[in-house]
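# Results of the structural survey
One-letter residues, chain by chain:
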Amino acid sequence: MLVTGATGRVGRAVVDLLLDAGVPVRALTHRSEAAATLPANVDVVTGDLTEPESLEAGLQGVGAVFLVWIAPPATAPAVVERLAAHARRVVFLSAPHKTPHPFFQQPNPMAVLYADIERLIAAAGLESTIIRPGMFASNALLWWATAIRDSGIARWPYGAAETAPVDDRDVAAVAALTLYQEGHAGGDYVLTGAESLSQAEQVGIIGDVLGRRIKFEELSPDEFRSETEGSWPRPAVDMLLAAWGATIGTPAFITSTVFDILGSPPRSFRRWVADHASAFMEDPTPSVRRPVLAPIRQSHVRNRSPIVIC
Ligand SMILES: NC(=O)c1ccc[n+]([C@@H]2O[C@H](COP(=O)([O-])OP(=O)(O)OC[C@H]3O[C@@H](n4cnc5c(N)ncnc54)[C@H](OP(=O)(O)O)[C@@H]3O)[C@@H](O)[C@H]2O)c1
């Protein structure tokens, strides 16, 4: 099994889960030095989604691929073509861009990209399973950890906007299972947490778990735009604001798919916070990954996934 995005939030967990299941794993890293973060018994190859030919070595003898797309759209046709030349099955980490809920139906260039990749996968005759997670619970780290550590105040827009954060580990567990278990060909899985929580409630839960009161200070959309100017890509900010704004008053879209696939309920947001509490208390060491918001353009700071409106 080839795991792309193998040093990322989901891919890294998929590597461990496949190893635990006794499945031979090959991990694709984008930066060679990242190989050091992977278990010794993993076959590590380097490759870059923006250079399709660089994936050739990693695809030799591969039966299935976990595809995490972190690159501009241009090379997607060539990459999918190469995948189909070697592998029978692909599990694609996409987003719920087909879900009829206001949160997911706002203008979103990432949704267009994912729909294109899904069409390419179908046209290539690959056996596919599409994984569509909603908001990752770990986004809370990117969004609030620094402010919570430094000031105890989360200054954020749309406190009443409800989402159903899904634990990245549950996403990885579904992805790993669909990679080696038969019966998921054609699967299209929207994954959410089990609770519809407003953003203010999510911050409240973090405070609860940390045993300290964290103030949620509501920002207007324009205040949020000016606060994120220069550090977050404007298209991502506009996408997030449009989705949060559109979902006010509507409970989050919730599915039972994590339970249906894994046979166990999704981890709660409170559980995710409890398992990551240290990151909200002391400045994380460099080894603790935090996604960096990258512009939806060629040049990526560290090639972390831009925050998509799932
Ligand atoms: N955040 C959410 O709420 C959410 C919701 C739904 C879907 N998603 C989707 O989830 C995906 C992100 O997954 P994640 O959070 O697990 O990833 P992540 O933590 O952001 O890590 C990105 C991974 O991609 C690798 N990578 C970056 N650029 C690459 C390139 N040019 N070629 C090959 N590999 C490259 C990185 O490798 P290096 O470490 O070596 O750079 C790293 O392993 C995105 O497609 C995103 O749209 C996110």
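Remember, predicted model here, so these are calculated numbers, not experimental data.

### Thoughts on the environment of Phe 280
For Phe 280, the position within the fold is in the segment after helix 11 (269-275). Phe 280 gets classed as buried once you look at its relative accessible area, which sits at 0%. In sequence terms Phe 280 and Ser 220 are 60 residues apart; their C-alpha atoms lie 24 Å from each other.

### Some details on the sheet that holds strand 6 (residues 127-133)
Read from one edge to the other, the open sheet built from seven strands follows the order 3-2-1-4-5-6-9, with strand pairing classed as parallel. Bordering the open sheet on either side are strand 3 (43-46) and strand 9 (188-191), each of which pairs with just one other strand. Strand direction decides the pairing type here: strand 6 and strand 9, joined by four bridges, are parallel. The residue of strand 9 that forms the bridge with Ile 131 is Tyr 189. Here helix 4 (residues 109-123) sits on the sheet in contact with strand 4 (64-68), strand 5 (89-93) and strand 6, set at roughly 175° to strand 5.

### Focus: the domain arrangement of the protein chain
You'll often see interface size given as the accessible area lost when the parts meet. As assigned here, the protein chain comprises domain 1 (2-135 + 166-191) and domain 2 (139-164 + 195-252 + 269-296). Each of domain 1 and domain 2 has a C-alpha centre, and these two points are 26 Å apart. Taken residue by residue, the interface counts 17 residues in domain 1 and 21 residues in domain 2. When domain 1 packs against domain 2, close to 1500 Å² is buried across both sides, 63% of that on carbon and sulfur atoms. The three residues of domain 1 that bury the most area against domain 2 are Arg 9, Phe 103 and Met 135, which together make up 36% of that side's buried surface. The interface formed by domain 1 and domain 2 includes one salt bridge. Of the charged contacts in the structure, one is a salt bridge between Arg 169 and Asp 275, with a shortest N-O distance of 2.9 Å. Taken together, the connections running from domain 1 to domain 2 amount to four residue pairs in polar contact (both at pLDDT 80 or more).

### Regarding the nonpolar core
If you look at soluble globular proteins, the nonpolar side chains tend to sit buried side by side. In this structure, Trp 143, Trp 144, Ile 206, Trp 244, Phe 269 and Phe 280 are the most contacted members of the largest nonpolar core, which totals 34 residues. Elements that contribute at least two residues to this core include exactly helix 5 (139-150), strand 7 (153-157), helix 7 (199-210), helix 9 (234-247) and helix 11. Of the residues forming this core, the biggest block, seven residues, is contributed by helix 5. Counting only domains with at least three residues in this core, you end up with domain 1 (2-135 + 166-191) and domain 2 (139-164 + 195-252 + 269-296). In this structure, Phe 269 is in contact with Ala 137, Ala 140, Pro 165, Glu 195, Leu 197, Gln 202, Ile 205 and Ile 206, ignoring residues within four places of it in sequence. Among the nonpolar cores identified, the runner-up in size contains 31 residues, and Val 10, Val 166, Val 171 and Tyr 189 belong to it.

### Quick word on helix 9
Taking 1.5 Å of rise per residue, the 14 residues of helix 9 would be expected to cover 20 Å, and the 20 Å separating its terminal C-alpha atoms lies within 8% of that figure. Burial in helix 9 covers these residues: Ala 236, Val 237, Met 239, Leu 240, Leu 241, Ala 243, Trp 244 and Thr 247. In this structure, the buried side of helix 9 is in contact with helix 4, helix 5, strand 7, strand 8 (162-163), helix 7 and helix 8 (221-228). One or two steps after helix 9, the chain reaches Gly 249, where phi turns positive at roughly 90°.

The rules behind the values
- Residues numbered from 1 in each chain as written.
- Predicted model: local features only at pLDDT ≥ 70, side-chain atom pairs only at ≥ 80, totals over all residues.
- Heavy atoms only, no water.
- Helix = DSSP H or I, 4+ residues; strand = E, 2+ residues; numbered from the N terminus.
- Buried < 20%, exposed > 50% of the residue type's maximum accessible area, 1.4 Å probe, protein only.
- Pairing = 2+ DSSP bridges.
- Contact = heavy atoms within 4.5 Å.
- Axes fitted to C-alpha atoms, helices over the stretch in contact; angles between N-to-C directions.
- Domains from an automatic or database assignment.
- Buried area = accessible area lost by both parts, 1.4 Å probe.
- Salt bridge = Lys/Arg side-chain N within 4 Å of Asp/Glu carboxyl O.
- Polar contact = N/O pair within 3.5 Å; in protein donor to acceptor, adjacent residues only side chain to side chain.
- Core = buried A, V, L, I, M, F, W, Y, C linked by side-chain atoms within 4.5 Å.
- Expected span 1.5 Å × (residues − 1).

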